[in-house]
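# Overview (structure and organization)
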Amino acid sequence: GRKREQKGVAPGEADWDQIKMVKEAITTVPIFANGNIWSHEDVDLCMKETGCDAVMSADSLLWEPRLYSNPKNFILSGRHFNITHIPARIEAVQTALEYLEICKTHPTQPSHMKAHIFKI
């Protein structure tokens, strides 16, 4: 969905049409789409538009770790931050605390923890 030059901090939009062409051309292995997945609705839309077998995400899961579970109160990320949506902010704090508990049993580098907590 992205060109090699599109990696890094600002990769730009993924091209789902390109992913769809790959899916149509390759039928012997599962094809996973990746890119432009910012909400649970994007998961369904990407699957529908590309015909892929699955969708994966990277950066948006740092902003909303519950992305694939279709949370009741979507955590508004730094990209769409809205402080007035208190239920989402409360759930963000609860998610961050749960993440820190997981880090107790699964050793994680402090720099990684800081980056993840900052985005949540």
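Above this text sits the structure in question.
Within each chain, residues carry numbers counting from 1 in the order of the written sequence. The predicted origin of the model limits local features to residues at a pLDDT of at least 70 and limits the giving and counting of side-chain atom pairs to 80 or more, whereas totals for whole chains, interfaces and linings rest on all residues. Heavy atoms throughout the structure, all of them, feed into the side-chain values; hydrogens and water do not.

On to the overall build of the chain, then. Secondary structure follows DSSP: runs of H or I at least 4 residues long count as helices, runs of E at least 2 residues long count as strands, and numbering of each begins at the N terminus. Along the backbone of the chain there are five helices and two strands. The order of α-helices and β-strands along the chain, N terminus first, is α-β-α-β-α-α-α. In these tables, accessible area is a Shrake-Rupley quantity obtained with a 1.4 Å probe, and a residue counts as shielded only by the protein chains included in the view. Per element, the accessible surface of the chain, about 8300 Å² overall, is 61% carbon and sulfur.

On to the environment of D42, then. Note on placement: D42 falls in helix α2 (residues 40–50). Whenever a nitrogen or oxygen atom comes within 3.5 Å of another N or O atom, the pair is scored as a polar contact, on the condition that within protein one atom can donate a hydrogen and the other can accept it, and that pairs from neighbouring residues in sequence are kept only if both atoms are in side chains. A polar atom in the side chain of D42 sits 2.7 Å from the backbone nitrogen of W38.

Quick look at a nonpolar patch on the surface now. Among the surface-exposed residues, V22, I26 and V29 lie close enough to one another that they form a single nonpolar patch of about 210 Å² accessible area. Structurally, V29 is set in the loop between α1 (16–25) and β1 (32–34). Only protein chains enter the calculation, and the probe is 1.4 Å; a residue is then buried if its accessible area is under 20% of its type maximum, exposed if over 50%, and partly exposed in between. Given the relative accessible area of 43%, V29 is considered partly exposed. Each patch is built from salt-bridge-free residues with over 30% relative accessible area, joining like charges within 9 Å and nonpolar side chains (Val, Leu, Ile, Met, Phe, Trp, Tyr) within 5 Å. A carboxyl oxygen of Asp or Glu within 4 Å of a side-chain nitrogen of Lys or Arg is what we treat as a salt bridge.

Another point: the nonpolar core. The biggest cluster of nonpolar side chains holds eleven residues, and these are A14, W16, I19, I31, A33, I37, V43, C46, C52, V55 and L67. Broken down by secondary-structure element, the contributors of at least two residues to this core are α1 and α2. We call two residues contacting when some pair of their heavy atoms lies within 4.5 Å. Leaving out residues up to four positions away in the same chain, I37 has contacts with W16, D42, V43, C46, V55, M56, S57, S60 and L67. Here, nonpolar core means buried Ala, Val, Leu, Ile, Met, Phe, Trp, Tyr and Cys residues that are tied together by side-chain atoms lying within 4.5 Å of each other.

It is worth spelling out the side chain of K23 at this point. Looking at where K23 falls in the secondary structure, it is placed in helix α1. A relative accessible area of 17% means that K23 is categorised as buried. Beyond its immediate stretch of four places on either side in the chain, K23 contacts I31, T50, G51, C52 and D53.

What follows concerns the pattern of salt bridges. If you walk through the whole model with that rule in mind, you get two salt bridges. Among the ionic pairs, D53 bridges to K23, the shortest N-O distance being 2.9 Å. With D53 in the loop between α2 and β2 (54–56) and K23 in helix α1, this pair connects stretches of sequence that are 30 residues apart. Accessibility expressed as a relative area gives 40% for D53, which makes it partly exposed. Across the salt bridge formed by E101 and K104, the nearest N and O atoms sit 3.0 Å from each other. With E101 and K104 both in helix α4 (residues 86–105), this residue pair falls three residues apart, about one helical turn. We classify E101 as partly exposed; its relative accessible area is 46%. The exposed category is assigned to K104, whose relative accessible area is 62%.

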